Amino acid sequence: GLLLRSENPAVRAFHWQIVSACQSGAVLMWSLSFMLMALFLHFNWFEEKWRRTVLEAREARGIHARFSFLLGHISAWPLSLIDLLLIKEPLISAHYRPPFETIALVGFVYGLTYFAWMHLNHSLSGLWPYPFCDKLFATIPLQAAFVGGVSGAMIACSYAYYSASL
């Protein structure tokens with residue numbers, strides 16, 4: 001409101017930079033939240049080893065973890081979908097949407113960064129964030145397949161929305 005109505009050109013330019021950042025990130029946030037939800041459900045929620053070693057172990061200690069795990073991994077997707085489809089103004093979103101190549105590059109960098117974070121966590125603590133990591137990261141080809149799979153799926157999600165909304 002106030003920034004939009006300002007007569008100061010610098011304030012108005014800053015406002016549109018903020019609008020541009022929010023609008024251009026909508027597709028990426030939807031893709032990230034979808035991947036977070038899909039990976040959590042597949043590799044954790046429906047994985048017996050994770051349920052036994054993490055979820056049930058915490059609940060046995062009196063920690064009610066089910067709701068917080070679900071809220072933390074699933075709530076972002078429907079919220080980002082509502083934001084993308086109902087809140088963002090379509091004309092502004094189309095005007096400020098970055099080129100698909102930029103979205104793809106950010107998706108790949110995200111996958112690579114997440115992979116590096118998991119390795120850093122493992123080197124500092126000796127623990128992987130997920131039980132499947134012991135097997136998944138046993139060889140370089142499996143590690144490359146993980147980064148490629150996560151990055152590729154995020155890029156595919158972004159492309160699906162991107163191409164449907166042109």
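The structure contained in this document is the topic of the report that follows. (Residues numbered from 1 in each chain as written. Predicted model: local features only at pLDDT ≥ 70, side-chain atom pairs only at ≥ 80, totals over all residues. Heavy atoms only, no water.)

Before going further, it helps to spend a moment on helix α4 (residues 48-60). Every buried residue of α4 is listed here: W50, R51, V54 and L55. Down the axis of α4, the buried set is contained in an arc of 120°. They therefore lie on one face. Of the surrounding secondary structure, the elements contacted by the buried residues of α4 are α3 (26-45) and α5 (65-74). Trailing α4 by a residue or two, G62 shows a phi angle of about 90°, which is positive. (Buried < 20%, exposed > 50% of the residue type's maximum accessible area, 1.4 Å probe, protein only. Helix = DSSP H or I, 4+ residues; strand = E, 2+ residues; numbered from the N terminus. Arc of directions from axis to C-beta. Contact = heavy atoms within 4.5 Å.)

The next point concerns the nonpolar core. Of all hydrophobic cores here, the largest spans 11 residues; its members are F115, M118, W128, Y130, F132, C133, L136, F137, F146, V147 and V150. Where this core is concerned, the elements lending two or more residues are α8 (100-125), α9 (133-136) and α10 (140-164). The greatest single-element share of this core, amounting to 3 residues, is contributed by α10. Those residues within four positions of V147 in sequence are excluded, and the remaining contacts are F108, G111, L112 and F115. If you look at the next biggest cluster of nonpolar residues, it comprises 7 residues, including F40, V54, A65 and F69. (Core = buried A, V, L, I, M, F, W, Y, C linked by side-chain atoms within 4.5 Å.)

With that settled, consider α8. Given a rise of 1.5 Å per residue, 26 residues ought to cover 38 Å, and the 37 Å separating the end C-alpha atoms of α8 matches this to within 8%. Taken from the residues just after α8, G126 is the one with a positive phi, measuring 80°. (Expected span 1.5 Å × (residues − 1).)

The next subject is the side chain of S31. Mapped onto the secondary structure, S31 falls in helix α3. A relative accessible area of 0% places S31 in the buried class. If we ignore the near neighbours within four places in the chain, the residues touching S31 are M154, C157 and S158.

Looking now at the layout of surface pockets. Roughly 410 Å³ of internal volume is contained in the largest pocket. In terms of lining, the largest pocket is formed by 18 residues, of which the most central are V54, W128, P129, Y130 and P131. Elements supplying a minimum of two residues to the lining of the largest pocket: α3, α4 and α5. Here the lining of the largest pocket is composed, by residue class, of 10 nonpolar, 4 polar and 4 charged. The space that makes up the second largest pocket amounts to roughly 170 Å³. Lining the second largest pocket we find 15 residues, and of these M35, L36, L39, Y114 and Y130 sit closest to its centre. Listed by contribution, the elements that provide at least two residues to the lining of the second largest pocket are α3, α8 and α10. Its residues assigned to classes, the lining of the second largest pocket shows 13 nonpolar, 2 polar and no charged. (1 Å grid on protein atoms, 1.4 Å probe; cavity = no way out; pocket = protein on both sides within 12 Å on 5 of 7 lines; lining within 4 Å. Points joined across faces, edges and corners; volume = space filled by probe spheres on them. Nonpolar A, V, L, I, M, F, W, Y, C, P; charged D, E, K, R; others polar.)

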